[in-house]
Amino acid sequence: MTGWLEALERLAGSRAKAGLTRQLRPRPAGDDVVDLAGNDYLGLSVHPAVIAASASSLHAYGLGATGSRLVRGSTLAHAALEASLADWLCAPAALVFSSGYLANLAAVRGLTAVCDLVVSDAYNHASLIDGCKISGARTMVAPHNDPAGVAAILDAHPGQPAMVVTESVFSVDGDLAPLRALHEVTSARGALLLVDDAHALGVLGPSGAGGVVAAGLAGKPDVIVTATLSKSLGGAGGVVAGPQQFIDHLIDTGRTFIYDTALPPAVVGGVTAAVEIARAAEDRRALLAARGAQIVRRLAAAGFDVRPPAAGVLSVMAPGPEAAVAWAADCRDRGVAVGCFRPPSTPDGSSRLRLTLNAGVPDAAFAHALDVIVECAP
């Protein structure tokens, strides 16, 4: 094959014309940027107890896990984290992966061993979409947050083993899925419900146990929960929680579990400490709720059409991808980091800033950041 680099350059040129070029921006340790772009909702990535627990595991086990979970990568630290997560999520069992992306791939593909049809929300995260693609199962896309639309798809395929895949809090706009209504639809038709709780874990529900627990669906045998450990818990990794039989199935057949090097024990130790802190962090969750109301008031007063965040994510529409990039860059130049979401990250084809709440940001810095966002608007 010749000319492939030129072909890539042409594709890059097309992306540039559409305002879809992306850049890596390495940050130094301890920078003083006000972070409204990351997902460290509870501010636990820098909590002294979390860092100390991570350092302790680092000294005990070394830098890496040295192998996959089924070879040498499973440690007592991994087992303790899985037990802690299962208890928090009110699930019979839990399995830890090296990322939330890999957990979602495994969960979707694993369930297609017993499901021929997948019904996926139109706004689902790329990891869920990719899970549907690699599963090989027939996948149908349902309108966003539309239980009636899901029911119509399932009713059009009577008797076909099916599962419905959704996020609890959607990663782009931060809106909440109608989990109870979706479960009424799935349970009445014998379908399974898979919920990615990534943006709700630590923020919603009793003890911050997430959207599934908040909806009263925890521990139900027809509900599977996935989540990342890199958002409210400030670390890395992912988890699948559900019936023991399904966890055993993933251990035996989950390719992203079997063939992937295990999460480093140092991360596992830090995340385990973060779970215990997050379960008791009602003050931090209250602060997030108050800041959610504050950001809506400030932006609405400036003329923006914004919705109150269900958890820690809020989006502000931009006129287009170029405007979104310029807006985010102007904020960054003034010391405020915000998310810039453009196609294909946005399922509706629109561009926006994504703002995330962080309990670790001081009050004055948070208020200043809101002023900067308003002043830099296109």
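Structure: see above.
Per-chain numbering applies: the sequence of each chain, read as written, is numbered from 1 onward. In keeping with the model being predicted, local features are shown solely for residues with a pLDDT of at least 70 and side-chain atom pairs are shown and tallied solely at 80 or more, while totals for entire chains, interfaces and linings include all residues. Here the side-chain values reflect all heavy atoms present in the structure, with hydrogen atoms and water set aside.

Chemist: Explain the packing of aromatic side chains to me, and be specific about the residues and the numbers.
Modeler: Working definition: rings of Phe, Tyr and Trp (its six-membered ring) pair if their centres are within 6.5 Å, and the pair is stacked with planes under 30 degrees apart, edge-to-face with planes over 60 apart, and tilted otherwise. Throughout the structure, instances matching the rule amount to two aromatic pairs. Aromatic pair Phe97 and Phe257: ring centres 5.6 Å apart, planes at 70 degrees, arrangement edge-to-face. Residue Phe97 is found in strand β2 (residues 93-97), and its partner Phe257 is found in helix α11 (residues 255-258); the two are separated by 160 residues along the sequence. To sort residues, take the accessible area from a 1.4 Å probe on protein chains only and compare it with the maximum for the residue type: under 20% means buried, over 50% means exposed, and anything in between is partly exposed. Here Phe257 falls in the buried class, since its relative accessible area comes to 4%. The numbering of helices and of strands both runs from the N terminus, where a helix is a DSSP run of H or I of at least 4 residues and a strand a run of E of at least 2.

Chemist: Can you tell me about the pairing of strand β4 (residues 138-142), naming the residues and giving the values?
Modeler: Where strand β3 (residues 117-121) and β4 come together, five bridges link them in parallel fashion. Its bridge partner being in β4, Asp121 is matched across the sheet by Ala142. After leaving β3, the chain enters helix α6 (residues 126-135) and then returns to the sheet as β4, a path that is right-handed. Note on pairing: DSSP must find at least two bridges between two strands before they are called paired. A right-handed crossover is one whose linking path, passing over the helix from the first strand to the second, runs clockwise when the strands point away from the viewer.

Chemist: How would you sum up the pairing of strand β8 (residues 238-242)? Please name residues and give values.
Modeler: In terms of burial, β8 is largely enclosed, as five of its five residues are buried. On β8, burial covers both faces: Gly238, Val240 and Gly242 on one face and Val239 and Ala241 on the other are all buried. With five bridges joining them, β2 and β8 adopt antiparallel strand pairing. Across the sheet, Leu95 pairs through a bridge with Val240, a residue of β8.

Chemist: Let's hear about the sheet that holds strand β11 (residues 352-356): which residues, and what values?
Modeler: Read from one edge of the open sheet, four strands run β1-β10-β11-β9, paired in mixed fashion. Two strands in the sheet have a free side with no partner beyond their single neighbour: β1 (34-36) and β9 (313-317). Pairs of neighbouring strands in the sheet enclose a mean axial angle of 35 degrees, with direction left out of account. Where strand β10 (residues 336-341) and β11 come together, three bridges link them in antiparallel fashion. When the bridges of β11 are listed, Cys340 appears paired with Leu353. Angles run from 0 to 180 degrees between N-to-C directions of axes, and those axes are lines fitted to C-alpha atoms, restricted for helices to the stretch in contact.

Chemist: Explain the packing of helix α13 (residues 282-301) against helix α15 (residues 363-375) to me, and be specific about the residues and the numbers.
Modeler: Relative orientation of the contacting elements α13 and α15 amounts to 30 degrees, with a least axis distance of 10 Å. As far as their axial angle goes, α15 and α13 are roughly parallel. Handedness of the crossing formed by α13 with α15: right-handed. Touching Leu287, Arg291, Gln294, Ile295, Arg298 and Leu299 of α13 are Asp363, Phe366, Ala367, Leu370, Asp371, Ile373 and Val374, all from α15. The residue inventory of the contact of α13 with α15, partitioned by class, reads eight nonpolar, one polar and four charged. Working definition: roughly parallel below 35 degrees, roughly antiparallel above 145 degrees, roughly perpendicular at 65 to 115 degrees, and oblique for all remaining angles. The hand of a helix crossing depends on one turn: near helix anticlockwise from the far one by less than a right angle means left-handed, and clockwise means right-handed. Every residue pair with non-hydrogen atoms within 4.5 Å of one another is taken to be in contact. As a working rule, the residues Ala, Val, Leu, Ile, Met, Phe, Trp, Tyr, Cys and Pro are called nonpolar, Asp, Glu, Lys and Arg charged, and the rest polar, with Gly in that last group.

Chemist: An account of the sheet that holds β2 is requested, with residue identities and associated values reported.
Modeler: Spatial strand order, β2-β8-β7-β6-β5-β3-β4: seven strands in an open sheet with mixed pairing. The sheet is open, and its two edges are formed by β2 and β4, each paired on a single side. In this sheet, neighbouring strand axes are inclined to one another by 20 degrees on average, regardless of whether the strands run parallel or antiparallel. Contacts from α6 reach β3, β4, β5 (162-167) and β6 (192-196) within the one sheet, and its direction differs from that of β5 by about 160 degrees.

Chemist: A description of the packing of helix α7 (residues 147-155) against helix α8 (residues 179-188) should follow, citing residues and the corresponding values.
Modeler: It is at 9 Å that the axes of α7 and α8 come closest, and there the two elements cross at 15 degrees. Compared by their axis directions, α7 and α8 come out roughly parallel. Classified by chirality, the crossing of α8 by α7 is right-handed. Residues Pro147, Val150, Ala151 and Leu154 of α7 pack against Ala181, Leu182 and Val185 of α8.

Everything listed is a geometric property; what it means functionally is a separate question.
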